[in-house]
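So you can see what is in the structure, the chains are spelled out below.
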Amino acid sequence: MTSIMKKEIFEEPGVVKHLLDKYVTGENIINIELPEKIDNIVIVASGSSYNCAAIAAPLFVEYVQIPCEYEYSSEFVLQKKHFITDDSLYIFVSQSGETSDTLNALKMIKEQGVKTMCITNAKDSAMWNLCDYKILSDAGEEKSIASTKALTAQIFCSILVMLKLVAKKGEDISGYLNTMRRLPAYLERIKIDEKKIEEAAALTAEFNNISILGNKNYYPIAKEGALKMKETCYLNVMAYPFGEFMHGHVAVLNQKSIVIAIIDEENAKFAIRNLKKIKDEYNPKVICITSVQEVKSGDINIYIKTKRKMKAIFGALLTLQLMACNMADILDKNPDSPKGLHKVVKD
Ligand code: AGP
């Protein structure tokens, strides 16, 4: 029987298509309301939504050239003072709009009169009602405790906010939007390649010591893959940036291990150089999830071929989500009801 989690992963191309129709006009106008002036952004969230924040923040810095920080909600509330200007925007990302840690963070910063925005899948949720600006990520009800399609929708909406700010600076965003319009078809193609993903899941499920490596925007994708495998398979999977992994963490490979390497266009040389060192020294099993056709370093290589970062992010994410789901099947775990977990984490 197909799990709810898998069904929801398979809905992702449709979710993206829906968001394009909802928020982007044929004339390349992004219909999202933003404050007139923003001079810095802080994104606050938990779990998968935090991984969305960690993917989005560097995109705001890179493309909009605006300072953008991100923080775990639970840590945010422990910090006594936060950096605020008259034109700060605090963005709260939450599938449910009800998670206590994120809601408490929102309430705390609101008291200081700062502008707030939420990206949530739940209209009329507590966060929705409290925020000054609101974006419905509209992925449809997400039943699986392991969040998948909701995260894809959150990342997509964050990218739309980012592109709206780029457009406000007077830059042409039509090329970026065309890339986004090709995203549903791209994700459909990755789904079609599921056999390879199943093979990779079967190999990974043989290990208790799993490290997922990725650079820059792909490090939070690696973290998300690890989170999905923890939730669905109860395995202690760790994620690291490639370079940082070499600073001691790599010693975990002295045990029987598998490394899942996300290798993107931008950082391919750096990643391959480190992967070679890892293989020479420790010879673990390796799976590559890569947008670069020339990469052949893995025992299994899953190609998510594209030259566009805005597409590859989603391709790598969907691949890891499907791997986690298939691993749960192989390990005879039900990904739809992970022991001890709840859809909404409350105080
Ligand atoms: C993700 O698979 C988890 N179930 C969990 O980390 C979740 O993302 C987190 O609790 C935040 O939930 P929210 O997006 O509803 O605020």
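All values reported here derive from a predicted model rather than from experimental measurement. (Residues numbered from 1 in each chain as written. Predicted model: local features only at pLDDT ≥ 70, side-chain atom pairs only at ≥ 80, totals over all residues. Heavy atoms only, no water.)

(A) The arrangement of the pattern of salt bridges in detail. Following the criterion strictly, the structure yields 19 salt bridges and no others. Close ionic contact of Lys-149 with Glu-11 constitutes a salt bridge, the shortest N to O distance being 2.8 Å. With Lys-149 in helix H7 (residues 149-168) and Glu-11 in the loop between helix H1 (4-10) and helix H2 (12-23), this residue pair connects regions lying 138 residues apart in the sequence. For the salt bridge of Lys-285 with Asp-299, the shortest nitrogen-to-oxygen distance reads 3.9 Å. One end of the pair, Lys-285, is in strand S9 (residues 285-290); the other, Asp-299, is in the loop between S9 and strand S10 (300-303), and 14 residues separate them in sequence. Overall, Lys-285 belongs to the partly exposed group, its relative accessible area being 36%. (Salt bridge = Lys/Arg side-chain N within 4 Å of Asp/Glu carboxyl O. Helix = DSSP H or I, 4+ residues; strand = E, 2+ residues; numbered from the N terminus. Buried < 20%, exposed > 50% of the residue type's maximum accessible area, 1.4 Å probe, protein only.)

(B) Seen up close, the site of the ligand. Of all residues adjacent to the ligand, which total 15 residues, the nearest are Ser-49, Ser-94, Gln-95, Thr-99 and Glu-231. Between the ligand and Ser-94 there is a distance of 2.6 Å, counted from an oxygen atom to a side-chain nitrogen or oxygen. With respect to the ligand, the side chain of Thr-99 contributes an N or O atom lying 2.5 Å from an oxygen atom. Burial of the ligand by the protein chains amounts to 92% of its free accessible area of 410 Å². Counting residues per element, the ones that place at least two in the shell around the ligand are helix H3 (47-64) and helix H11 (218-233). Taken together, the residues of the shell around the ligand break down into four nonpolar, nine polar and two charged. (Near = heavy atom within 4 Å. Polar contact = N/O pair within 3.5 Å; in protein donor to acceptor, adjacent residues only side chain to side chain. Areas by Shrake-Rupley, 256 points an atom, 1.4 Å probe, with all protein chains shown as cover. Nonpolar A, V, L, I, M, F, W, Y, C, P; charged D, E, K, R; others polar.)

(C) Representation of the nonpolar core in the model. Within the largest apolar cluster, 109 residues are counted, with the highest numbers of intra-cluster contacts made by Ile-41, Ile-43, Phe-60, Met-162 and Ile-212. When residues in this core are grouped by element, the largest group, 14 residues, is from helix H14 (residues 309-330). Those residues in contact with Ile-41 that sit more than four places away from it in its chain are Phe-60, Ile-66, Pro-67, Cys-68, Glu-69, Leu-89, Ile-91 and Leu-165. Core analysis: the next-biggest nonpolar cluster, separate from the first, contains 17 residues, Phe-242, Val-259, Ala-261 and Ala-271 among them. (Core = buried A, V, L, I, M, F, W, Y, C linked by side-chain atoms within 4.5 Å. Contact = heavy atoms within 4.5 Å.)

(D) Here's a closer look at the domain arrangement of the protein. Domain assignment breaks the protein into domain 1 (4-181) and domain 2 (188-330). Taken together, the 29 residues of domain 1 in the interface contact 26 residues of domain 2. Carbon and sulfur atoms supply 68% of the area buried between domain 1 and domain 2, which totals about 2,300 Å² over both sides. It is Lys-6, Phe-10 and Thr-179 that lose the most area in domain 1 upon contact with domain 2, and together they represent 22% of the buried surface on that side. Between Glu-194 and Lys-6 there is a salt bridge; the shortest N-O distance is 3.0 Å. Summed over the shared surface of domain 1 and domain 2, the number is 11 residue pairs in polar contact (both at pLDDT 80 or more). A per-element tally of the side of domain 1 that touches domain 2 places H3 first, with 10 residues. The residue inventory of the side of domain 1 that touches domain 2, partitioned by class, reads 19 nonpolar, seven polar and three charged. (Domains from an automatic or database assignment. Buried area = accessible area lost by both parts, 1.4 Å probe.)

(E) Examining the pairing of S9 more closely. The buried fraction of S9 is high, at five of six residues. Pairing analysis gives six bridges linking strand S8 (residues 258-263) to S9, with the strands arranged parallel. Paired with Ile-262 across the strands is Ile-289, a residue of S9. Traced from S8 through helix H13 (residues 268-282) to S9, the parallel crossover comes out right-handed. As judged from the four bridges shared by S9 and S10, these two strands associate in the parallel manner. (Pairing = 2+ DSSP bridges. Right-handed = clockwise from strand over helix to strand, strands pointing away.)

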